[in-house]
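As a plain string of letters, each chain reads:
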Amino acid sequence: MARYLIPSDTFLKAIKPGDPRKRISDGDGLVLLLFVKPGEHGWRFDYRFAGRRNMLSFGNYPDTTLAIARRKADAARRLLAEGFDPSQQRKAERQAQVEAYEDKKRVADGLPPRGSFEEVAREWYAVRKDGWARSYGDKIIARFENDVFPWIGKVPVAELTAPQLLEVIRRIEARGVVETAHRALQDCSQALRYAVVTGKASSNPARDLKGALRRPMTKHFPAITEPARFGELLRAIDHYAATPVVRAALRLAPMLLLRPGELRFAEWTEIDLDGALWTVPSMRMKRELRQKLHGAPHLVPLSRQAVAVLRDLQPLTGNGPLVFRGERHHDRPMSDNTINAAMRAMGFSTDEVTGHGFRATARTMLHERLGFDPHVIEAQLAHSVQDALGRAYNRTEFFEQRRKMMQAWADYLDKLRKVPTDSAGSKR
């Protein structure tokens, strides 16, 4: 088909208003529409694709010269020859330009690029976080921000590979925090699974890393399970010079099987001394957020010894909400390190015992020394207890057994304070 029918720009400049022609063809689809605006003519490219007629605009003359219009027309003809629609190609290019501009603006505003791993991971986090306790969610996003995003946050999620992800996780593992590395990999895997189901990626490369990391060593809270040594600790607690609040907390910590935070934030409204019962609100228990919001409270039967400790403390702190108020700030609970610091001062190292370790001590001795049913012990520890069919027991079940057990435990602790190991350690 004939091309380059327009002689030159000089020919175009000679066109004056009133010219009877409406268009001038340069051949093979390129035409010039005259006077689309005062003093301007419009370049158009007329073509057919997939049986349909289309028209592209190449700008206006004289800003778009004859040579520029011809180069644009040649490029459009090449696309047609390769089987592409020039109009769709132009739309794609413009969209890419818009997206590139938006990405630059996002980065300037401190936001991750669109389609990046960081954007998808943050989107997954936003979807899931309302179902988690705040402290748990904070740990997850902190791991992403500190250990993952700086290295692969800007990588398009659809292009992220298993080797890239492994390199990031290996950095964490190299610090010696193997458990953190496993948790970071688990977080990444869940975010990538979300990317797959939302159509942002076609596969989850984290699945290919199964078995690639060192296995974390199981770490338990240090706990004393030998009766004679535990008796030494109990006697040390009895003679430890501390404020009444700290002394009360130290005496109750080994007696009640509660986690340190559950004990430390105790409020007087939760405690029925006459009924010998402490009702710990569900929100303060170690549970998923849904269970915290809607679950039953945890019932702690109080032994005679526990009631006596609390009655002695009540005149001092009972006029306020907190049972174990801080020494300087009465509107705050005592420090989370108070009990552990006291045991260090008594000469018991971090490798031997912690405040949380009292639970493990009780769990072992209640079963091995006092012969109580593990299901009853686990229920008092507020662990999920299941029957033979795998159904979870109601948290209020075993209550009478637990009341008897808690009294027997307090009595046993009194024996450990006073009698030799051979008679204290015998089963009931």
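Just above sits the structure.
What counts, and at which threshold
Residues numbered from 1 in each chain as written. Predicted model: local features only at pLDDT ≥ 70, side-chain atom pairs only at ≥ 80, totals over all residues. Heavy atoms only, no water. Pairing = 2+ DSSP bridges. Helix = DSSP H or I, 4+ residues; strand = E, 2+ residues; numbered from the N terminus. Axes fitted to C-alpha atoms, helices over the stretch in contact; angles between N-to-C directions. Contact = heavy atoms within 4.5 Å. 1 Å grid on protein atoms, 1.4 Å probe; cavity = no way out; pocket = protein on both sides within 12 Å on 5 of 7 lines; lining within 4 Å. Points joined across faces, edges and corners; volume = space filled by probe spheres on them. Nonpolar A, V, L, I, M, F, W, Y, C, P; charged D, E, K, R; others polar. Core = buried A, V, L, I, M, F, W, Y, C linked by side-chain atoms within 4.5 Å. Buried < 20%, exposed > 50% of the residue type's maximum accessible area, 1.4 Å probe, protein only. Salt bridge = Lys/Arg side-chain N within 4 Å of Asp/Glu carboxyl O. Phe/Tyr/Trp six-rings, centres within 6.5 Å; stacked < 30°, edge-to-face > 60°. Lys NZ or Arg CZ within 6 Å of the ring centre and 35° of its normal.

Whenever I open this one, the sheet that holds strand β1 (residues 23-27) confuses me. Can you help?
Within a sheet, neighbouring strands are paired by backbone hydrogen bonds and run either parallel or antiparallel to one another. On the basis of which strands lie adjacent, the open sheet formed by four strands has the order β1-β2-β3-β4 and antiparallel pairing. At either end of the open sheet lies a strand with only one pairing partner, and these are β1 and β4 (52-61). The mean angle between the axes of side-by-side strands here comes to 30 degrees, regardless of whether they run parallel or antiparallel. In this sheet, strand β2 (residues 30-37) lies alongside β1 in antiparallel orientation, the contact comprising four bridges. Each bridged residue has a counterpart across the sheet, and for Ser 25 the counterpart in β2 is Val 31. Packed onto the sheet, helix α2 (residues 66-81) meets β1, β2, β3 (40-49) and β4 and runs at close to 10 degrees relative to β3. With respect to the sheet, helix α3 (residues 86-108) is in contact with β3 and β4, its orientation differing from that of β4 by roughly 55 degrees.

Even after reading the chapter, I still don't get empty space enclosed by the protein, so can you show me in this structure?
Sizing a probe to match a water molecule and rolling it over the atoms shows the empty space that remains. Per the counting criterion, the structure on display carries one cavity of 30 Å³ or more. Counting residues per element, the lining of the largest cavity draws most heavily on helix α9 (residues 244-256), at three residues.

Sorry if this is basic, but what is going on with the layout of surface pockets here?
Empty space within the second largest pocket amounts to approximately 220 Å³. Taken together, Leu 56, Phe 58, Lys 72, Ala 75, Ala 76, Leu 79, Pro 86, Gln 89, Arg 90, Glu 93 and Arg 94 form the lining of the second largest pocket. For the lining of the second largest pocket, the secondary-structure elements that each account for two or more residues are β4, α2 and α3. The element best represented in the lining of the second largest pocket is α3, accounting for five residues. Of the residues belonging to the lining of the second largest pocket, the class tally is six nonpolar, one polar and four charged.

Explanation requested: the nonpolar core in the structure shown.
Looking at soluble globular proteins, one finds that nonpolar side chains tend to be buried together. One finds Phe 230, Leu 233, Leu 256, Trp 278, Phe 324 and Trp 409 to be the most contacted residues of the largest nonpolar core, which totals 60 residues. Going through the elements one at a time, α8 (227-239), α9, β6 (277-280), α12 (304-317), α13 (338-345), α14 (357-368), α15 (374-380) and α16 (399-418) are the ones with two or more residues in this core. Looking at this core, the element that brings in the most residues is α9, giving nine residues. In terms of nonpolar packing, the next biggest core, distinct from the first, is built from 32 residues, Phe 144, Val 148, Val 155 and Leu 185 among them.

What's the story with the pattern of salt bridges in this structure? I'm lost.
Opposite charge on two side chains permits pairing when their charged atoms draw close. Applying the stated rule across the entire model yields 25 salt bridges. Here Arg 70 makes a salt bridge to Asp 26, at a shortest N to O gap of 2.9 Å. Of this pair, Arg 70 sits in helix α2 while Asp 26 sits in strand β1; the two residues are 44 residues apart in sequence, bridging distant segments of the chain. Accessibility expressed as a relative area gives 18% for Arg 70, which makes it buried. Relative accessible area serves as the criterion here: at 1%, Asp 26 is assigned to the buried category. Each of the salt bridges in this network shares a partner with another, and the network as a whole consists of Arg 3, Asp 28, Asp 74 and Arg 77.

Is there a simple way to explain the environment of Ala 223 in this structure?
Its place among the elements puts Ala 223 in the loop between α7 (178-197) and α8. C-alpha of Ala 223 to C-alpha of Gly 355: the two residues are 132 residues apart in sequence and 8.7 Å apart in space.

Even after reading the chapter, I still don't get the pairing of β4, so can you show me in this structure?
One face of the sheet, then the other: side chains in a regular strand alternate in exactly this way. Alignment of β3 against β4, held across eight bridges, turns out to be antiparallel. Bridge pairing in β4 places Arg 44 opposite Ser 57. Linkage of β3 to β4, two consecutive antiparallel strands, is achieved through a turn of two residues, within which Ala 50 is found at a positive phi near 55 degrees.

How should the packing of aromatic side chains be read in this particular structure?
For any pair of aromatic rings, geometry is given as the distance between the ring centres together with the angle between the planes. Scanning the model with the defined rule gives twelve aromatic pairs in all. With centroids separated by 5.5 Å and ring planes inclined at 80 degrees, the aromatic side chains of Trp 132 and Tyr 136 adopt a geometry described as edge-to-face. Here a set of aromatic residues connected by ring pairs shows up, and it is made of Phe 117, Trp 124, Tyr 125, Trp 132, Tyr 136, Phe 144 and Phe 149. Over the aromatic face of Trp 151 sits the side chain of Arg 171, whose NZ or CZ is 3.8 Å from the ring centroid.

In short, the description is geometric, and any link to function would need to be established separately.
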